Every structure is written in structure tokens, then in C-alpha cells.
There are 2 protein chains.
Amino acid sequence: MPRFFVEPGVLNDKFITLTGANAEHARVLRLAVGEKVTLCTGDGIDYLCTVSDLTRDRCSLVLQQSTPSASEAALHASLYVALPKSDKMEHIVQKATELGAAEIVAFPSARCVSRPDKASLDKKCERWQKIAVSAAEQSGRGRIPTVRTATFDEVLREAGAADLGVLLYENERAYSLREAIESHALHTAALITGPEGGFAPEEIAAAQQANVNICTLGPRILRCETAPLCALSALMYAAGELG
Amino acid sequence: MPRFFVEPGVLNDKFITLTGANAEHARVLRLAVGEKVTLCTGDGIDYLCTVSDLTRDRCSLVLQQSTPSASEAALHASLYVALPKSDKMEHIVQKATELGAAEIVAFPSARCVSRPDKASLDKKCERWQKIAVSAAEQSGRGRIPTVRTATFDEVLREAGAADLGVLLYENERAYSLREAIESHALHTAALITGPEGGFAPEEIAAAQQANVNICTLGPRILRCETAPLCALSALMYAAGELG
């Protein structure tokens, strides 16, 4: 069933009108009167509606029923990704949204090749948030993950405060993600992955200081866009969130 | 350490010369005399060599030592992917190689949008194999995954013969990948994922007949390029192959 994310205020009435991008999306989907769609406000509730009228730039709906969204993970997983090159972050945001991440946070690190200025980063972040909205709609999520930026210090502070805070490091040989997952509670989890050039030794030391677990993802070296999605898949699997 | 895949015959002598694409790669990496590199023939052995000479189109090496590759998974995982649209298969082959797949098999299914003719598919397959070689080198693998094509019947026969044969189906609600993984041996595993339009009901029925487990990957709908990599990550995690 098609899903549309709307502002919470839209649902104050039983009769709802989609406009703008949502109305355009409805047109692209060739919705017909009588069809059912789901509205989400990001509050974790699915609002089941029926299409009552369609014009070129408006789609009118009648609210039928509201139920808790069954597709939201109980685990609150935050994915912290060192800014990668080119459009890799778009790819990561899309896939991490499908995989059920609660938030996706980009941060600059010592060896990042990508070093956008603030204005450019803000613009990118806006674009990533739009990708998250679209991926949340397509994958049937009840919440839109927050996409934001942070400093490495903020990342470590937040990850250190989670039930499970993990930094994936290609030079770690002994302590595995699995050992970390199996020895921590999993209500809130934070996964941190590095840029193309990896983390600098002083960043690893700072993460240890901040009570973040330094873990390996195994003997194969994963690309900077593969590691976060592999780790998130493994975490979701371990938390029983993959069905 | 840089890795190069070479034909087995190259290693008949203690003194080895890289030519062609490998020599070009050595030049791109700006290797210097005295540097160490690893040669692989795909037999699961790492051949440690030292650069002894470099010219524009040749790189001479001296074999120092050979050790079993530590980066090959004990689990033989085959990934069967219904032909996706555009260049998604390239992405899947690259990531699945990093994640340790033993082989990656593309197959046509009822609802595949992509329907290349045999010549075009053979050409694509050649290209995918090259991507696998390059990803195996970069991720430090000791074997190059085989990339090939098969019919859906062949896929089901092969998957039915594996210790664990799983088809991921978005309309399955009850039986999870995790339940399937936890109730089977994991020496050989086969994961089958569908195209953009999903599997047809008769394909699911055929898979059940063939003794393949029909599993859900959870309540969120994954894109056809996300599902195989998520499932492979989860499988590798469960098999203790992520460190």
C-alpha cells in the first residue's frame, strides 16, 4: 500500500487533502478513487485512508483507521558515518533507512577526503533527509530517520552513552562486533564507521577514552560505504529485527 | 599490503614478473623496490613477495613466503540474485565479494524487468567477474568468487542441496531468516533474492517443492539490491565470520 509522510497537523480532521509533492506522488502512482493508502506523521502510527477525490494537484482522503506501525524496530540504532567521498552518503542514507536505522549522523574525521564547508554540508544534509523520507515511504517505515551532522567529539559522547557503542576499526584484530553485541543490552545502539582512509590512531584512543567499544568486522576489508550497512544488518539480525 | 591475483602458473618460480593489468596496477600504486605485496592465485594461499625491479610495463617480484589466507570464510555462501535493473548487479557483486561470498549467481525470474539476450548477458557476466576480481584484491580475499548465471530451476536445485537454502520473500510473515539459520548446519548456504517486482507465487511454490526455506527479512521492505547484502551480512555474522 502506498505510504505518504505528512505534517502531524494534517491529521486533525477525518478529511485530509494531500497537496504539493505528495499530490504529485499520488498522480505518479496513478491512484484511483476508492484505493487505500497509509499516512504517517513520523509518530510510529499508521493512518489508513481511502482516496475520495483526485484532481491535478490535490488528492482527497478519508481517514478510516489508525494502528501502531508494525515496521519500526524496538532497537533505537544510530549510525555514525565519517563523511565519505562523492555521493556514497546518499547510498548509505537510503540503505540504512530501509534497514531500520533511527538516525544517521555524518561527521568529519581526520582522514576524510571529503571536506565540504558548512553551507555545502547543510545543503547536502537537506538532500540526505529527503532521501531518507523517500526510502522510509518505500520501505514502509512508520518513522523517518533523522539525518544530521555532528563533530567527532559529539559522536563519541553520544555513542558512549548508548547501551552499545561500537566503533568499527579495520586494525582491530581481536574484539568482534558479535562479542560486543552479545555482551550488551540492545535498547539503544550506536555504530561508528570510518572514511576511505580509515581512522587515525588518536581517534581510536579518544573513542576508547569515551567508553566506546573498538571492534573488528572480520578479516576482509570493507569499503567505507559497505561497513556501516553490514554492521547495521548484523545488529538488526542479532536484535531479532530481521523478522 | 597490495594484493594481486595471478594465474597459478606464474608461481612456478621464485622470481615472478607481473605484466599487463597487474603491472599497470603496480604503477598506479607507485610501488617501490623493496616493498611487500601479496600474490594470490585463488587457491586460498597468500604468496608474500618483495618488489625487486620496476619498469614501465613490468613489475618483478621475489617470492618470500606462502601462508594460508586468513581472510576466507569457512562458510561457503552462494548468493543467487534475480537479475536487477541497470547497474545494480555491479554494486551487488562488489559488495558481496567484500562480504565473503563464495559465488554470486544471477538468474532470470518471472518478474525481472531486465531481460538481456544471451550475448549481452555473457558480456555483463564477464564484466561482473572483473569487478569481483578487483573487489577481492581490495578487500584482501584469498579467493575470487565465481560469478555466473543460471536458470531458476538450476538455482532451486543447487539451493535445495545446500545445508541451508533460503529464499527471501517479502510476503512471508512468519518464518524468519534467523530461525532458518539457527536450525541448519552452516557449511554451505544458499541465499536467493528476487527482482524489483518480487517473486511470482508459482516461483515460491516451486522453491518450497525444492526444499528451499521461504523466509522473511523483517517488516521493512528492502530494495532488490539491499536484500542480498543484508541477508549475506546477517548470515556471515551468524556464522561467526564477521571477526
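Residues numbered from 1 in each chain as written. Chains lettered and ligands numbered in written order. Predicted model: local features only at pLDDT ≥ 70, side-chain atom pairs only at ≥ 80, totals over all residues. Heavy atoms only, no water.

Okay, the packing of aromatic side chains next. Across all of its chains, the model carries 7 aromatic pairs over all chains by this definition. Ring geometry for tyrosine 237 of chain A versus tyrosine 237 of chain B: centroids 6.2 Å apart, planes at 70 degrees, classification edge-to-face. In this pair, tyrosine 237 of chain A is assigned in helix H7 (residues 227–238) and tyrosine 237 of chain B in helix H7 (residues 227–238), connecting two distinct chains. Each member of the pair, tyrosine 237 of chain A together with tyrosine 237 of chain B, is buried. In textbook terms, an aromatic cluster arises when at least three aromatic residues are bridged by ring pairs, as seen for Phe107, Phe152 and Phe199 of chain A. Positioned over the ring face of tyrosine 237 of chain B is arginine 178 of chain A, at 5.7 Å from the centre of the ring. (Phe/Tyr/Trp six-rings, centres within 6.5 Å; stacked < 30°, edge-to-face > 60°. Helix = DSSP H or I, 4+ residues; strand = E, 2+ residues; numbered from the N terminus. Buried < 20%, exposed > 50% of the residue type's maximum accessible area, 1.4 Å probe, protein only. Lys NZ or Arg CZ within 6 Å of the ring centre and 35° of its normal.)

For the rest of this paragraph, the subject is the packing of helix H2 (residues 88–98) of chain B against H7 of chain B. In a pair of packed helices, the angle between the axes and the distance between the axes together describe the arrangement. Residue and element names in this part refer to chain B. Relative orientation of the contacting elements H2 and H7 amounts to 10 degrees, with a least axis distance of 10 Å. On the basis of the axis angle, H2 is roughly parallel to H7. Residues His91, Ile92, Lys95 and Ala96 of H2 form the contact with H7, whose own contacting residues are Pro228, Leu229 and Leu232. Looking at the contact of H2 with H7, its residues break down into 5 nonpolar, 1 polar and 1 charged. (Axes fitted to C-alpha atoms, helices over the stretch in contact; angles between N-to-C directions. Parallel < 35°, antiparallel > 145°, perpendicular 65-115°, else oblique. Contact = heavy atoms within 4.5 Å. Nonpolar A, V, L, I, M, F, W, Y, C, P; charged D, E, K, R; others polar.)

The next thing to look at is the sheet that holds strand E4 (residues 45–54) of chain A. Residue and element names in this part refer to chain A. In spatial order, the strands read E1-E3-E4-E5-E2; together these 5 strands make up an open sheet with mixed pairing. Every interior strand has two partners, whereas the edge strands, strand E1 (3–5) and strand E2 (15–18), have only one. When the angles between neighbouring strand axes are averaged without regard to direction, this sheet yields 40 degrees. Where E4 and strand E5 (residues 59–68) come together, 9 bridges link them in antiparallel fashion. Bridge pairing in E5 places aspartate 53 opposite serine 60. In the packing of helix H1 (residues 20–28) onto the sheet, the strands contacted are E1, E2 and E5, and the crossing angle to E1 comes to about 170 degrees. (Pairing = 2+ DSSP bridges.)

The subject of this paragraph is H1 of chain A. Residue and element names in this part refer to chain A. Taken as a whole, H1 has its buried residues at Asn22, Ala23 and Ala26. Along the long axis of H1, the arc covered by the buried residues comes to 100 degrees, so they all point the same way. Those residues of H1 that are exposed and aimed more than 90 degrees away from the buried face are Ala21 and Val28. (Arc of directions from axis to C-beta.)

Looking now at the interface of chain B and chain A. Each partner contributes residues to the interface: chain B has 39 residues there, and chain A has 38 residues. In total, about 3,300 Å² of surface goes out of reach between chain B and chain A, with carbon and sulfur atoms giving 53% of it. On inspection of chain B and its partner chain A, the count reaches 4 salt bridges. Here arginine 223 of chain A ties to glutamate 98 of chain B by a salt bridge, and the two come within 3.6 Å at their closest N and O atoms. For the pair chain B and chain A, the number of links is 18 residue pairs in polar contact (both at pLDDT 80 or more). Of all the elements in the fold, those that place two or more residues in the side of chain B that touches chain A are H2, helix H3 (118–139), helix H5 (177–182) and H7 of chain B. In terms of residue count, the dominant contributor to the side of chain B that touches chain A is H7 of chain B (6 residues). Class assignment for the residues of the side of chain B that touches chain A results in 16 nonpolar, 13 polar and 10 charged. (Buried area = accessible area lost by both parts, 1.4 Å probe. Salt bridge = Lys/Arg side-chain N within 4 Å of Asp/Glu carboxyl O. Polar contact = N/O pair within 3.5 Å; in protein donor to acceptor, adjacent residues only side chain to side chain.)

If you look at the biggest cluster of nonpolar residues, it comprises 125 residues, and the most contacted ones within it are Leu167 and Ile192 of chain A together with Leu167 and Ile192 of chain B. Isoleucine 192 of chain B has contacts with Tyr80, Phe107, Val155, Leu156, Ala159, Val166, Leu167, Leu168, Phe199 and Val212 of chain B, leaving out every residue within four places of it along the chain. (Core = buried A, V, L, I, M, F, W, Y, C linked by side-chain atoms within 4.5 Å.)

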